[in-house]
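What follows is each chain in one-letter form.
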Amino acid sequence: MWRRQWAWRSPARASMCACPLGWMGREAAANHMRPMCGATPMVAPSRLVGPFRDGGGEGGRAEAAPAPKRARLLAIAAVHPSTRVAPARPPCQPYHPRPRHAAARLARVTEPRPCCCCWSPLPFALCFLPCISLRSPAAARDPGGMQQAAGPGEDEEMGVKEEDAEEEEEDDGDDGYFMDPCPAAVASPSPGSANPAAGRRRAREEKERTKLRERQRRAITGRILAGLRQHGNYSLRARADINEVIAALAREAGWVVLPDGTTFPSSPSSAAAAQTAPRTVMVAAAPLALPTSPALPLRGISPVAARPISHRPAPASSLILLSPPRATSAASRPPADDAPDGSSSHLLAVPVPMDPSAAAAAAEDAAVVAKQVPEVAPRPPERDFAGTPYVPVYVMLPLGVVNVSGEVVDADELVGQLRVLKAAGVDGVMVDCWWGNVESHRPQEYNWTGYKRLFQMIRELKLKLQVVMSFHECGGNVGDDVSIPLPHWVTEIGRSNPDIYFTDRVGRRNTECLSWGIDKERVLQGRTAVEVYFDFMRSFRVEFDEYFEDGIISEIEIGLGACGELRYPSYPAKHGWKYPGIGEFQCYDRYLQKNLRRAAEARGHTIWARGPDNAGHYNSEPNLTGFFCDGGDYDSYYGRFFLNWYSQMLVDHADRVLMLARLAFEGSNIAVKVSGVHWWYKTASHAAELTAGFYNPCNRDGYAPIAAVLKKYDAALNFTCVELRTMDQHEVYPEAFADPEGLVWQVLNAAWDAGIQVASENALPCYDRDGFNKILENAKPLNDPDGRHLFGFTYLRLSKVLFERPNFFEFERFVKRMHGKTYWPLEWSAINPTLAPANPILTLRHVLCR
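Computed from a prediction, not measured in an experiment: that's the story for all the values here.

Notes on unusual backbone geometry
Okay, step 1: Between Y579 and the following residue, P580, the backbone shows a cis peptide bond with an omega angle of 5°.
Okay, step 2: Tracing the backbone shows P580 in the loop between strand 14 (553-558) and helix 19 (590-603).
Okay, step 3: In this structure, the amide linkage connecting L796 to the following residue, R797, adopts the cis form with an omega of 0°.
Okay, step 4: Relative to the assigned elements, R797 resides in the loop between strand 18 (792-795) and helix 26 (805-818).
Okay, step 5: One non-glycine residue, D410, lies in the positive phi region at around 50°.
Okay, step 6: As for its position among the elements, D410 is in the loop between strand 9 (393-396) and helix 13 (411-423).
Okay, step 7: Judged by its relative accessible area of 52%, D410 falls in the exposed class.

Dropping the structure here:
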């Protein structure tokens with residue numbers, strides 16, 4: 001940094017003052033510049049000789065010019081008496097290099113330096129000259145000493161960045177100096193005088209006060225963020241603002257916070273709950289000045305529902321007021337080693353229960369505090385499902401519970417888990433009968449040994465069975481933990497004729513299931529695909545006839561495509577698909593292309609016998625394709641023709657297979673699983689649904705034809721993703737435009753309008769109460785005029801994680817509420833033995849859940 005050193009030329013002066021500060025006031029300069037010859041002293045400095053590099057180091061002292069140089073300068077001034085006079089400066093405006101950091105500012109204030117008047121080694125900030133103020137920039141901006149009291153670098157310690165450093169540099173001038181405000185006598189001119197410098201000083205002082213207030217606000221925000229990270233385990237970014245803090249607290253309280261800041265409760269009954277639920281109010285003393293204007297009521301933050309931020313007791317200045325008051329016991333008091341330390345935040349500490357004497361004092365202050373603290377709505381109570389219709393609950397068994405050798409995997413452990421499920425009230429289990437395991441080696445040679453043993457175990461435990469006819473391979477999709485390919489003899493045919501599989505536009509084959517183009521083609525050693533499916537189902541019905549007669553097998557679910565669902569394999573993970581990609585059309589095998597040509601010729605447009613060439617790839621977005629974008633080809637004449645044909649092939653496949661399934665399982669309940677493709681649901685084209693075979697754009701109901709064909713064969717509809725919330729999906733994947741709640745509501749109404757029963761299952765593992773509550777809301781809609789509800793629910797899936805103590809208690813609670821009963825936790829038996837009678841199964845469950 002450069003400093004301007006001033007050298008004055010005087011006709012009669014023989015020496016020059018070397019001020020340790022590099023520049024002095026006008027009066028002081030005149031005294032030092034008294035000429036040796038007795039001439040009249042100069043009252044104003046003259047021409048600037050030139051800028052010199054600051055050679056004073058930290059002390060800011062300027063070295064005086066050598067004696068010969070002084071004489072030469074004085075001689076020049078004597079020859080030119082009309083030397084230009086430099087502008088005069090006020091007496092109390094020394095320039096100082098401005099330190100950029102708080103540590104440097106503090107060092108400049110406290111560093112011992114010689115006084116400019118008496119040369120005594122006083123601290124730099126303690127010079128007692130009335131005419132010259134040597135305060136540092138930090139001291140000038142903090143006249144009350146508040147910043148020094150907070151400690152050096154308070155903003156940096158709290159994780160708050162001094163964002164106004166660059167602004168201060170620009171405001172203070174280009175030369176990098178800080179000009180200290182003048183005393184009141186100098187800075188306040190007479191009313192009649194027009195002094196522009198005084199106006200600038202007042203503006204600068206107001207700017208400094210504004211910066212001080214901003215710095216104090218950032219320091220307070222830093223303390224709040226540090227306390228939330230240390231004690232509340234909130235995932236806040238390093239430079240979060242107060243809006244993000246409020247949003248985090250609102251989400252913790254169970255409210256929904258949109259990206260634009262809109263906040264509302266997750267349940268519409270919160271308004272009624274706010275009138276009846278007790279309020280908990282915490283008042284903490286803090287060195288902050290509250291605004292005099294009335295505070296706005298806070299919405300969406302519930303201290304009752306929010307988890308404790310800290311387990312440390314609050315200071316004596318904190319009070320907790322409960323309405324109504326609750327009794328406390330000595331056992332609830334924190335241990336002695338939880339005493340607050342210096343690092344704990346008083347604003348975030350959780351208070352300990354007060355003794356009776358302190359409670360009396362708190363009650364007296366309640367009326368006063370209640371008027372000052374805004375009311376906060378508590379978390380709304382959950383809906384009571386006691387007395388609602390009974391909805392049976394099933395649990396899916398592991399995918400590889402029966403291996404390819406026909407053996408039950410971990411049979412003893414499975415029996416123990418099934419006993420626990422039975423004790424929890426589960427109605428039954430769902431089992432996948434894999435085509436690749438049963439008819440693995442040769443056509444029409446079925447091995448049911450492993451399933452016979454498994455079904456016998458389930459019957460002995462008096463559980464019911466849902467059996468899935470799985471005509472697809474296992475592995476390569478989300479949640480697949482085993483690999484079960486299609487029968488070996490089918491894959492041998494596929495090597496010589498790969499067109500039996502679904503194919504995408506670039507020719508990649510999907511071996512997960514057989515193409516619907518061979519439903520009527522005798523390419524499987526003299527049989528069509530539909531005949532192969534019928535022979536498998538008829539063999540199962542004959543082999544397990546006694547389980548049908550006894551009612552152990554309550555339902556048969558028919559696999560109709562990828563993952564056992566009625567859909568095209570449009571988003572296979574093994575081909576690189578990632579959520580939320582739109583997927584690709586799967587109609588490029590030889591048999592489906594032949595069917596498309598026949599449909600185009602029947603329509604009279606042979607040029608339409610092709611798939612769209614502008615539909616993107618697996619991971620494309622709809623708006624980046626010419627086919628799915630708004631106003632794209634999907635809504636053109638050709639697009640409507642192609643999508644009608646594509647979705648009709650899906651419906652025709654379901655029609656053919658269900659006709660034979662009803663023949664094989666006459667008198668039994670059959671069901672079809674429909675995939676919940678909820679991403680891109682908020683777009684006009686619904687691209688992901690179109691590639692999966694559901695012709696469901698914004699101007700058409702694509703699930704009504706599916707419901708009609710299920711009604712034709714009296715089959716139930718099993719739908720997925722009933723546990724997902726739209727807001728949760730929007731927070732995690734806002735770019736997916738997903739709406740699972742809207743999709744579930746559309747499919748349920750389409751099925752109920754067609755007069756068919758509806759069952760459901762979760763799409764992803766679910767262990768939390770929010771997910772279970774969402775399933776309950778969909779299973780038993782509130783205030784439905786027709787009293788409609790789900791036919792059954794299947795939980796995905798049995799695992800060791802489910803039997804962890806907190807997860808299983810939530811699951812047991814969910815089962816009881818699905819059954820329309822009141823849930824009594826197992827721990828309540830210690831409080832009231834009549835609530836949980838003695839039962840050896842309950843004891844076993846308690847041991848296994850530990």
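Once the structure has been displayed, the description carries forward.
Some words on the packing of helix 17 (residues 529-543) against helix 20 (residues 637-664)
Okay, step 1: Running from N to C, helix 17 and helix 20 cross one another at 25°; their axes reach a closest spacing of 9 Å. Classified by the angle their axes make, helix 17 and helix 20 are roughly parallel. Where helix 17 crosses over helix 20, the two elements pack in a sense that is right-handed. Across the interface between the two elements, V530, Y533, F534, M537, R538 and R541 of helix 17 pack against H653, R656, V657, L660, A661, L663 and A664 of helix 20.
Okay, step 2: When its residues are assigned to classes, the contact of helix 17 with helix 20 shows nine nonpolar, one polar and three charged.

Some details on the UniProt feature "active site" (unreviewed entry) in the protein
Okay, step 1: Per the UniProt record, "active site" (unreviewed entry) is annotated on E565 and E761. Maximum C-alpha separation among the annotated residues is 12.3 Å over a sequence range of 197 residues, consistent with a single clustered spot.
Okay, step 2: Mapped onto the fold, E565 is located in the loop between strand 14 and helix 19.
Okay, step 3: What E565 contacts, discounting residues up to four positions off in sequence, is L560, Y571, K673, S675 and T720.
Okay, step 4: Mapped onto the elements, E761 comes out in strand 17 (residues 758-761).
Okay, step 5: You can call E761 buried: its relative accessible area is 2%.
Okay, step 6: Apart from residues lying up to four places away in sequence, E761 is in contact with M396, K673, N718, F719, T720, C721, V722, E723, F793 and T794.
Okay, step 7: A polar contact of 2.5 Å, which involves the side chain of E761, links it to the side chain of K673.

Some words on the confidence of the model for the protein
Should pLDDT be low for a region, the predicted coordinates there are not to be read in detail.
Okay, step 1: The predicted model of the protein has a mean per-residue pLDDT of 73, with 60% of residues at 70 or higher.
Okay, step 2: Confidence drops under a pLDDT of 50 for residues 1-65, and excluding neighbours within four residues, the segment shows 118 contacts in the predicted structure.
Okay, step 3: Note that residues 368-374 has pLDDT below 50 and, in this model, seven contacts with residues that lie over four places away or in other chains.

Looking at the nonpolar core
Okay, step 1: With 150 residues, the main nonpolar core has F455, M469, L514, F540 and F811 as its most contacted residues.
Okay, step 2: Excluding residues within four positions of it along the chain, F811 makes contact with V395, L421, V426, F772, Y795 and L802.

Some details on the environment of W680
Okay, step 1: Secondary-structure assignment places W680 in the loop between strand 15 (670-674) and helix 21 (687-692).
Okay, step 2: Separated by 58 residues in the primary sequence, W680 and A738 place their C-alpha atoms 5.2 Å from one another.
Okay, step 3: Not counting the four nearest positions on each side in its chain, W680 is found in contact with P580, G581, I582, E621, P622, H686, A687, A688, E735, A736, F737 and A738.

Side note on the UniProt feature "binding site: substrate" (unreviewed entry) in the protein
Okay, step 1: UniProt records the feature "binding site: substrate" (unreviewed entry) at D432, H472, D480, K673, H678, T720, N762, A763 and R797, using the numbering of this structure.
Okay, step 2: Given a relative accessible area of 12%, K673 falls into the buried group.
Okay, step 3: Among residues more than four places away in sequence, those in contact with K673 are E557, C563, G564, E565, L566, N718, T720 and E761.
Okay, step 4: With residues near it in sequence (within four places) discarded, R797 still touches V395, M396, L397, P398, L399 and D432.

Examining helix 26
Okay, step 1: End to end, helix 26 covers 20 Å across 14 residues, agreeing with the expected 20 Å (1.5 Å per residue, within 8%).
Okay, step 2: The element helix 26 is largely enclosed, with a buried count of 12 among its 14 residues.
Okay, step 3: Taken together, the buried positions of helix 26 are occupied by N807, F808, F809, E810, F811, E812, R813, F814, V815, K816, R817 and M818.
Okay, step 4: In the segment just after helix 26, G820 is the residue with positive phi, at about 80°.

A few points about the sheet that holds strand 9
Okay, step 1: An order of 9-10-11-14-15-16-17-18 is seen for the eight strands of this closed barrel, with the pairing classed as parallel. The average undirected angle you get between the axes of adjacent strands in this sheet is 30°.
Okay, step 2: When strand 9 meets strand 10 (residues 428-434), the two strands line up parallel, connected through three bridges. Bridge pairing in strand 10 places V395 opposite V429.

The rules behind each value
Here the residue numbering is sequential within each chain, running from 1 through the sequence in written order. Only residues with pLDDT of at least 70 are given local features in this predicted model, and only at 80 or more are side-chain atom pairs given and counted; all residues enter the totals for whole chains, interfaces and linings. Values shown for side chains rest on all heavy atoms present in the structure; no hydrogens or waters enter the calculation. Runs of E in the DSSP output that reach at least two residues are strands. Runs of H or I that reach at least four are helices, and both are numbered from the N terminus. A simple rule labels every residue: compare its accessible area, found with a 1.4 Å probe on the protein chains alone, to the largest value its type can have, and call it buried under 20%, exposed over 50%, or partly exposed in between. Every axis corresponds to a line fitted to the C-alpha atoms, with the helix fit spanning only the stretch in contact, and the corresponding angles, defined between N-to-C directions, vary from 0 to 180 degrees. Relative orientations are named as follows: roughly parallel for angles under 35 degrees, roughly antiparallel for angles over 145 degrees, roughly perpendicular for angles from 65 to 115 degrees, and oblique for any other angle. Handedness of each helix crossing follows the sense of rotation of the near helix against the far helix: counterclockwise by less than a right angle gives left-handed, clockwise gives right-handed. We call two residues contacting when some pair of their heavy atoms lies within 4.5 Å. In the scheme used here, Gly and all other residues not listed as nonpolar or charged are polar, with Ala, Val, Leu, Ile, Met, Phe, Trp, Tyr, Cys and Pro taken as nonpolar and Asp, Glu, Lys and Arg as charged. UniProt positions are given in the numbering used here, feature names are shortened, and annotations may be inferred rather than shown by experiment. In the analysis that follows, any N or O atom pair within 3.5 Å is treated as a polar contact, provided that within protein one partner can donate a hydrogen and the other can accept it, and provided that, for residues neighboring in sequence, both atoms belong to side chains. The quantity known as pLDDT measures the predictor's confidence residue by residue, on a range of 0 to 100. Take the buried residues of types Ala, Val, Leu, Ile, Met, Phe, Trp, Tyr and Cys, join any two whose side-chain atoms come within 4.5 Å, and each joined set is a nonpolar core. What a helix is expected to span follows from its residue count: subtract one and scale by 1.5 Å. By definition, two strands form a pair when at least two bridges between them are found by DSSP.

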